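So the chains spell out like this:
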Amino acid sequence: MNQIRNIVILTGAGVSAESGIDTFRDAGGLWEQHRVEDVATPEAFARDPELVLRFYDMRREAIQTKQPNAAHHALARLDAEWRGELLIVTQNVDDLHERAGATRVLHMHGEHLNAWCTACDERSPWTGPLLDRPACPECGVAALRPDVVWFGEMPYRMEEIFAALREADLFVSIGTSGAVYPAAGFVRNARELGAATLELNLEPSQGSSWFDESRHGPATEVVPAWVDELLTRK
Ligand code: NAD
C-alpha cells in the first residue's frame, strides 16, 4: 500500500458479534414470528407501535449487559494513536466503540441509547424502556421513538461520510454483510475516489469482489492484527 494518512472504517454487526450481540442475519431474521425487517420500518411503527417499542426495549436492555471486545479495543487504540484523519462510520446502534474508548465515531444508523422526540425533534440519552410512553425530557410530550434509522429512512450524516471518503487513502470494511445500502456502496465510492480498499470479515461478504484485499476470520483476531500492522508500518 502507498502512503496512508486518511482512513475511513465502516463497521457492521460482525464487529459486535463476539460481544454477544446478534448480527442481523444471525438473529434468524425472526423475532416472535415477525421478520426483523418488518419491525424495523416506519410502517411497522405506525401499524403496531407496541410491538416495535418492545423489540427495541429488549435490544436496548441487552446491549447494556455486553462489553466491548478485542476488535473494538484495537480500533480505539488506532483512533488514539493515528495522527492522520480517521473516521469510524458504524452501522451499529450499540455503543461498544465508544465504551472501548474510540472518539472519532459516526453512527449512521442512530443509537440504541438515544430517544428521539417526534414532537420537538430533540434527541435525549435513554437507557430505560420506551414502551410505557414516557414524556420527552425536552418538551414533555409523550412522542419518543428509538433513535434508530429504520429500513426506508435516510441514514444520518451522509454528507460528512462522503466528505471523509473523498479524502480517504484507505477504506476498511469490518464485519458487515454488504447487503444494506447505502453503506454497502461505500467500497465502490471509495475506489472511484482513489482509496485503497480492505475487507475484514468472517467470510466473503456480498461485496467482497470490490475490495483490493480481503482478510477472513473473527473480528477479535483479524482486527487487532491489522491495527498492529498499520501502527508499526507508519
Ligand atoms: P449483517 O448481520 O447483515 O452482517 C454481519 C456480517 O458480519 C456478516 O457478513 C458476517 O459474516 C460477519 N460476521 C459475523 N460474525 C463475525 C465475527 N465474529 N467477526 C467478523 N465478522 C463477522 O450486519 P450489517 O452488515 O451490520 O447490516 C445489518 C444492519 O443491522 C445494520 O444496519 C445494523 O445497524 C443493524 N444491526 C446492528 C447491530 C448492533 O448495533 N450491534 C446488531 C444487529 C444488526
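For the structure, check the block above.
First things first, this report covers the structure right here in the doc. Since the model is a prediction, treat every value here as computed from it, not as a measurement. (Residues numbered from 1 in each chain as written. Predicted model: local features only at pLDDT ≥ 70, side-chain atom pairs only at ≥ 80, totals over all residues. Heavy atoms only, no water.)

Scanning the protein chain for helices and strands turns up nine helices and 11 strands. Computed over the C-alpha atoms, the radius of gyration of the protein chain is 18 Å, within 12% of the 17 Å expected from 2.2 N^0.38 for a compact globule of 234 residues. The 234 residues of the protein chain split such that 51% are buried. Pairs at least 24 apart in sequence give 65% of the contacts found in the protein chain among residues at least 6 apart. Accessible surface, the protein chain: about 11,200 Å² in total, of which carbon and sulfur atoms supply 49%. Where the 22 positive side-chain charges of the protein chain centre and where its 36 negative ones centre are 3 Å apart. (Helix = DSSP H or I, 4+ residues; strand = E, 2+ residues; numbered from the N terminus. Rg over C-alpha atoms; globule rule 2.2 N^0.38 Å. Buried < 20%, exposed > 50% of the residue type's maximum accessible area, 1.4 Å probe, protein only. Contact = heavy atoms within 4.5 Å. Areas by Shrake-Rupley, 256 points an atom, 1.4 Å probe, with all protein chains shown as cover. Lys, Arg positive; Asp, Glu negative; His and termini not counted. Charge placed at Lys NZ, Arg CZ, Asp CG, Glu CD.)

The next point concerns the nonpolar core. Within soluble globular proteins, side chains that are nonpolar tend to cluster in buried spots. Ranked by internal contacts, the top residues of the largest apolar core, which has 27 residues, are Ile7, Ile9, Leu78, Val172, Val223 and Trp226. Only β1 (7–11), α5 (70–81), β4 (86–90), β9 (170–174), β10 (196–201) and α9 (219–233) provide two or more residues apiece to this core. With seven residues, α9 is the largest single contributor of residues to this core. Setting aside its immediate chain neighbours within four residues, Leu78 contacts Ile9, Leu86, Arg104, Trp226, Val227, Leu230 and Leu231. Residues Val39, Phe45, Val93 and Ala115 belong to the second largest nonpolar core, which totals 20 residues. (Core = buried A, V, L, I, M, F, W, Y, C linked by side-chain atoms within 4.5 Å.)

The next subject is the packing of α5 against α9. Each pair of packed helices can be described by the angle between their axes along with the distance between the axes. The N-to-C vectors of α5 and α9 enclose an angle of 20°; their axes lie 7 Å apart at closest approach. When the axis of α5 is compared with that of α9, the two are roughly parallel. Crossing angle aside, the handedness with which α5 passes α9 is left-handed. Residues Ala70, Ala71, Ala74, Leu75, Arg77, Leu78 and Glu81 of α5 pack against Ala219, Thr220, Val223, Pro224, Trp226, Val227, Asp228, Leu230 and Leu231 of α9. Looking at the contact of α5 with α9 residue by residue, the classes come out as 12 nonpolar, one polar and three charged. (Axes fitted to C-alpha atoms, helices over the stretch in contact; angles between N-to-C directions. Parallel < 35°, antiparallel > 145°, perpendicular 65-115°, else oblique. Left-handed = near helix turned anticlockwise from the far one by under 90°. Nonpolar A, V, L, I, M, F, W, Y, C, P; charged D, E, K, R; others polar.)

Gln91, Asp94, His109, Thr176 and Ser177 are the nearest of the 27 residues found near the ligand. In this structure, Asp94 approaches the ligand through a side-chain N or O atom, which is 2.7 Å from a nitrogen atom. The contact in question runs from an oxygen atom of the ligand to an N or O atom on the side chain of Thr176, over 2.7 Å. Relative to its unbound accessible surface of 850 Å², the ligand loses 92% to contact with the protein. When residues of the shell around the ligand are assigned to their parent elements, the largest contribution, three residues, is made by helix α1 (residues 14–17). A domain-level breakdown of the shell around the ligand finds at least three residues from each of domain 1 (1–20 + 68–109 + 155–234) and domain 2 (22–65 + 111–148). (Near = heavy atom within 4 Å. Polar contact = N/O pair within 3.5 Å; in protein donor to acceptor, adjacent residues only side chain to side chain. Domains from an automatic or database assignment.)

On to the environment of Ser209. Relative to the elements of secondary structure, Ser209 occurs in the loop between β10 and β11 (213–216). For the pair Ser209 and Gly84, spaced 125 residues apart in sequence, the C-alpha to C-alpha distance is 28 Å.

Before going further, it helps to spend a moment on the sheet that holds strand β7 (residues 123–125). With antiparallel pairing, three strands are arranged side by side in an open sheet as β7-β6-β8. The open sheet has two edge strands, β7 and β8 (144–148), and neither has a second partner. Averaged over all pairs of adjacent strands, the angle between their axes in this sheet comes to 45°, without regard to strand direction. Here three bridges tie strand β6 (residues 110–117) to β7, and the two strands are oriented antiparallel to one another. Bridging from a neighbouring strand, Ala115 pairs with Ser124 of β7. Running at roughly 135° to β6, helix α4 (residues 49–63) makes contact with β6 and β8 of the sheet. (Pairing = 2+ DSSP bridges.)

So, about unusual backbone geometry. Cis geometry is found at the peptide bond from Tyr181 to Pro182, where omega equals 5°. Structurally, Pro182 is set in the loop between β9 and α8 (186–192). The backbone of Asp121 sits at a positive phi, close to 75°, despite the residue not being glycine. Within the secondary structure layout, Asp121 lies in the loop between β6 and β7. Its identity is not glycine, yet Arg157 carries a phi of approximately 55°, on the positive side. Mapped onto the elements, Arg157 comes out in the loop between β8 and α7 (158–167).

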